[in-house]
Structure formats: C-alpha cells, structure tokens
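Below are the chains, spelled out letter by letter.
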Amino acid sequence: MNILFVCTGNTCRSPMAAAMLKKKAPHLSVQSAGVFASDNLPASEQAIKAMDQKGIELKHKSQMVTESLVEWADLVLTMTEQHKKQLNHLFPEHTTKIYSLVEYAADGKQKDINDPFGGDVSLYVETADEIEVYIDLLIEKLQNLGGQNE
C-alpha cells in the first residue's frame, strides 16, 4: 500500500508522520509532501530532534504535492481539514482516497494536527507525540482491514 502524508511546507508534520509510519510498518510505501512546499529543503532541525528522541531517524527532502504523487498513493492523509479541502479542490478525481489523518485513523473524528512551525523542540515533541497516537491507530485500522492493504 502507498500512503502519502500532506502538510503545509513539508518540513515538520508530514515528514514526522511518514518517518514514524516507515519505522512502525516498513512493509508500507510512504512519502510526504506539502501544499506550499519548496523542493529539496531538509526537515526542520526541531523535527529532527523530536524524532531523535523517539529513536527515529528523519532524513527528508521537501516536495510539493503533485498529481503524480496523489495518483501514486492508495491513501492520502493530511494534517488538517484545510489541507484535505485544498487537495479535494486540486485533485477532484481523487477525493475518495483523501482524508485527514485524524479523520481516517479515528473513524470520522474531526481534529487538526497543530503546526509546530517556529516553536521550540518541546512543541515539536508534543506534535510528534500527537501524530504517533494517530499513526498507531492507522496501523491498527489497516491491520483490521484484513491485511488487504499490506
């Protein structure tokens, strides 16, 4: 299964989510992108440090979300409802596979993952902890789908 995480600049939330899922479910193909991303920027220093605290290496280069990435993905998971709306507008033929991470992992719950951009490492750790809750729920949900998404 191919999973694409999407946030704004692709230097904080979606790279952290992608790195976590790759670590916890290495059989999945995972990428991340941003709706307003510059290409080839590293993950933020704070995101790297937050992931280090979880024992996860974050090697990343940012990229803009593109139609080819959305087509590649079996599932597109955004960090906010606004990101989801933007992608549904940009890629209307793919709306059936675009969800917010929280909505998909927590069965319809509406909640955004807060953007730690500009904050200190402790804020990034809080965000990483929040993302991890939903990554764990996502893995459980995919397993409960009978392994058809592996």
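Residues numbered from 1 in each chain as written. Predicted model: local features only at pLDDT ≥ 70, side-chain atom pairs only at ≥ 80, totals over all residues. Heavy atoms only, no water.

Engineer: How should I be thinking about the overall build of the protein chain in this particular structure?
Structural biologist: Counting secondary structure elements, the protein chain contains six helices and four strands. When the helices and strands of the protein chain are read in sequence order from the N terminus, they spell out β-α-β-α-α-β-α-β-α-α. The C-alpha atoms of the protein chain give a radius of gyration of 14 Å, which matches the 15 Å a tight globule of 150 residues would have. The C-alpha extent of the protein chain, read off along each of the three principal axes, is 35 × 30 × 25 Å. Looking at the 150 residues of the protein chain, the share that counts as buried comes to 51%. Taking as baseline every contact in the protein chain between residues at least 6 positions apart, the subset at least 24 positions apart corresponds to 71%. Summing over all exposed atoms, the protein chain offers an accessible surface of approximately 7,100 Å²; the carbon and sulfur share of this is 48%. (Helix = DSSP H or I, 4+ residues; strand = E, 2+ residues; numbered from the N terminus. Rg over C-alpha atoms; globule rule 2.2 N^0.38 Å. Buried < 20%, exposed > 50% of the residue type's maximum accessible area, 1.4 Å probe, protein only. Contact = heavy atoms within 4.5 Å. Areas by Shrake-Rupley, 256 points an atom, 1.4 Å probe, with all protein chains shown as cover.)

Engineer: Just checking my understanding: could you explain the pairing of strand β2 (residues 29–34) for this structure?
Structural biologist: Consecutive side chains along a regular strand alternate between the two faces of the sheet. As defined by bridge partners, strand β1 (residues 2–7) adjoins β2 across six bridges and the pair is classed as parallel. Bridge pairing links Phe5 to Ser32 in β2. On the question of chirality, the crossover connecting β1 to the parallel β2 by way of helix α1 (residues 13–24) is right-handed. (Pairing = 2+ DSSP bridges. Right-handed = clockwise from strand over helix to strand, strands pointing away.)

Engineer: It is not clear to me how unusual backbone geometry should be interpreted in this structure. Could you clarify?
Structural biologist: What is expected of a backbone is that most residues other than glycine have negative phi and most peptide bonds are trans. Although it is not a glycine, Asn10 adopts a positive phi angle of roughly 60°. Locating Asn10 in the fold gives a position in the loop between β1 and α1. With a phi angle near 50°, Asp107 is a residue other than glycine that sits in the positive phi range. Here Asp107 lies in the loop between α5 (101–105) and α6 (121–144). By relative accessible area, which is 62% here, Asp107 ends up exposed.

Engineer: Please clarify how the state of the cysteines should be interpreted in this entry.
Structural biologist: Here is the idea: a disulfide is a covalent bond, and it sits between the sulfur atoms of two cysteines. Counted under the stated rule, the structure contains zero disulfides. Here Cys7 stays unpaired: no disulfide links it, and the sulfur of Cys12, its closest cysteine neighbor, is 6.7 Å away. (Disulfide = S-S within 2.5 Å.)

Engineer: Would you take a moment to explain the packing of aromatic side chains for this structure?
Structural biologist: What describes a pair of aromatic rings is the distance from one ring centre to the other and the angle between the planes of the rings. Going through the model one piece at a time under the given rule, you end up with one aromatic pair. Plain terms: the ring middles of Tyr99 and Tyr104 are 4.9 Å apart, the flat faces sit at 55° to each other, and that makes the pair tilted. Judged by its relative accessible area of 24%, Tyr99 is partly exposed. The ring of Tyr104 has Lys141 lying over it, and the distance from NZ or CZ to the ring centre is 4.0 Å. (Phe/Tyr/Trp six-rings, centres within 6.5 Å; stacked < 30°, edge-to-face > 60°. Lys NZ or Arg CZ within 6 Å of the ring centre and 35° of its normal.)

Engineer: Where do I start with the packing of α1 against helix α2 (residues 45–53) in this structure?
Structural biologist: Helices that pack against each other are described as a pair by the angle of their axes relative to one another and the distance between those axes. Where α1 contacts α2, the axes come no closer than 10 Å and their chain directions differ by 25°. In terms of their interaxial angle, α1 and α2 are classed as roughly parallel. Seen from above, α1 lies across α2 with right-handed handedness. Facing Met16, Ala19 and Met20 of α1, the residues of α2 in contact are Ala47, Ala50 and Met51. A breakdown of the residues in the contact of α1 with α2 according to their chemical character gives six nonpolar, no polar and no charged. (Axes fitted to C-alpha atoms, helices over the stretch in contact; angles between N-to-C directions. Parallel < 35°, antiparallel > 145°, perpendicular 65-115°, else oblique. Left-handed = near helix turned anticlockwise from the far one by under 90°. Nonpolar A, V, L, I, M, F, W, Y, C, P; charged D, E, K, R; others polar.)

Nothing here speaks to function; it is geometry throughout.
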